[in-house]
Amino acid sequence: MLSTDHYDLIKNSLLGSLFEDFEFPVTITNSANRLIYVNRAFAKLYGYNQDQVIGLSPKILIPKNFELKYIIELQRQVMGRKKPYTCELVNITQRGREFPIFLLVTPLQPITGNNAVAHLAICCDPNKKAVLMNALLGHVGNFAYTYDSKIKPKKAKLKSYQRGDRQAEIVKLAQLGYSTKEIAGIMGISVSTVGFVKWKMAKKQ
């Protein structure tokens, strides 16, 4: 399959939907180490149009004077050992501006034990590692939650902490052996509220 076909396939897939609007640059390379997908954040940071880089080696993002031993180690870990890998590299934009990045790369193996069909990479400023991890976790979680056609963001009417939820939480904590005072501390509510709920639930039994 041609790299351009790969790009169209990924962009129109669930994977493409997940990362197209992600705030950090995302790339996917095939088993031949050629770019088959980049998201909008990548294009904005590096200055390339998406169609300019599809089919090219990600080495175009590495300055010519960068030490190859770091690239070799990355390839050994990800392509050889098929393990996720993180490192810090220097990248270069289309206009020649060099800058450091923190890189997270992971093999994509749809079937356990098989060779990776592609490699997914996400990068950020080295000082924003924690921001990237938090953003990635939140982005994936929100996407997965709202993806199901039965759960749409506009239609979902969720109250963050309904009375029934609170009562159930109090009962569960009480069953786990927590005292009324401890439950109040855990939940951030008054001792009297916990006591009332426990009394109310005991009357129902």
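Just so it is clear, the structure is predicted and the values come from calculations on it, not from any experiment. Residue numbering note: each chain is counted from 1, following its sequence as written. Side-chain atom pairs in this predicted model are given and counted only at pLDDT of 80 or more, local residue features only at pLDDT of at least 70, and totals for whole chains, interfaces and linings cover all residues. Where side-chain values are given, they derive from all heavy atoms of the structure, hydrogens and water being excluded.

Undergrad: Is there a simple way to explain the overall build of the protein in this structure?
TA: Strands here mean DSSP runs of E at least two residues long; helices mean DSSP runs of H or I at least four residues long; both are numbered from the N terminus. Within the protein one finds 9 helices and 5 strands. Listing every helix and strand of the protein by position from the N terminus yields α-α-β-β-α-α-α-β-β-β-α-α-α-α. For the protein, the accessible area works out to roughly 13400 Å², and carbon and sulfur atoms hold 54% of it. Throughout, the Shrake-Rupley method with a 1.4 Å probe supplies accessible areas, and for residues the shown protein chains are the sole cover considered.

Undergrad: Quick question: what am I supposed to make of the pattern of salt bridges here?
TA: Two side chains that carry opposite charge are able to pair once their charged atoms sit near each other. Throughout this description, the term salt bridge denotes a Lys or Arg side-chain nitrogen within 4 Å of a carboxyl oxygen of Asp or Glu. On inspection of all chains with the given rule, the structure shows 5 salt bridges. In this structure, Asp 21 engages Arg 40 in a salt bridge whose closest nitrogen and oxygen atoms are separated by 2.3 Å. Taken as a pair, Asp 21 in the loop between α2 (14–19) and β1 (26–30) and Arg 40 in helix α3 (residues 40–46) lie far apart in primary sequence, 19 residues in all. As a salt-bridge pair, Glu 73 and Arg 76 come within 3.0 Å of each other at their nearest N and O atoms. One end of the pair, Glu 73, and the other, Arg 76, are both in helix α5 (residues 68–80), 3 residues apart, so they sit about a helical turn from each other. Overall, Glu 73 belongs to the partly exposed group, its relative accessible area being 26%. Given the relative accessible area of 44%, Arg 76 is considered partly exposed. For each residue, the accessible area found with a 1.4 Å probe, counting protein chains only, is set against the maximum for its type, and the residue is called buried under 20%, exposed over 50%, and partly exposed in between.

Undergrad: Mind showing me how you'd approach the environment of Gly 16 here?
TA: Within the fold, Gly 16 resides in helix α2. You can call Gly 16 buried: its relative accessible area is 0%. C-alpha separation for the pair Gly 16 and Tyr 37, spaced 21 residues apart in sequence, amounts to 8.3 Å.

Undergrad: Explanation requested: the pairing of strand β3 (residues 85–92) in the structure shown.
TA: Residues in a regular strand point their side chains to alternate faces of the sheet. Note: β3 against strand β4 (residues 98–108), 8 bridges, orientation antiparallel. Within β4, the position partnered with Leu 89 by the bridge is Ile 101. Between β3 and the antiparallel strand that follows it, β4, lie 5 residues; Gly 96 among them carries a positive phi value of about 95°. Between any two strands, at least two bridges found by DSSP are needed for them to pair.

Undergrad: Where do I start with the sheet that holds β1 in this structure?
TA: Either a parallel or an antiparallel arrangement is found when strands of a sheet pair, and the pairing is made through backbone hydrogen bonds. The 5 strands lie next to each other as β2-β1-β5-β4-β3, forming an open sheet whose pairing is antiparallel. Of all the strands in the sheet, the pair left with one neighbour each is β2 (35–38) and β3. Neighbour-to-neighbour, the strand axes of the sheet open up by a mean angle of 30°, direction not taken into account. The sheet contact formed by β1 and β2 spans 3 bridges and is antiparallel. By the bridge assignment for β2, Thr 27 is matched with Val 38. By the convention used here, residues are in contact when the closest approach between their heavy atoms is within 4.5 Å. Axis lines are fitted to C-alpha atoms, over the contacting stretch for helices. Their N-to-C directions set the angle, which ranges from 0 to 180 degrees. Here helix α1 (residues 3–11) sits on the sheet in contact with β1 and β2, set at roughly 35° to β2.

Undergrad: Sorry if this is basic, but what is going on with the packing of aromatic side chains here?
TA: Two aromatic rings, taken as a pair, are described by how far apart their centres are and by the angle between their planes. For Phe, Tyr and Trp, rings pair up if their centres lie within 6.5 Å, where Trp contributes its six-membered ring, and each pair is then called stacked (planes under 30 degrees apart), edge-to-face (over 60) or tilted (otherwise). The tally for this structure, following the rule as stated, stands at 7 aromatic pairs. Each ring, one from Phe 19 and one from Phe 22, has its centre 6.0 Å from the other, and the planes form 70°; the classification is edge-to-face. Taken individually, Phe 19 and Phe 22 each receive the classification buried, so the pair is uniform in this respect. When the ring of Phe 66 is compared with that of Tyr 70, the centres are 5.6 Å apart and the planes differ by 45°; the resulting orientation is tilted. Given the relative accessible area of 14%, Phe 66 is considered buried.

Undergrad: Before we go on, may I ask you to explain the environment of His 6 in this structure?
TA: Position of His 6 relative to the elements: it lies in helix α1. Classification of His 6 by relative accessible area gives partly exposed; the value is 22%. For the pair His 6 and Ile 54, spaced 48 residues apart in sequence, the C-alpha separation works out to 9.1 Å.

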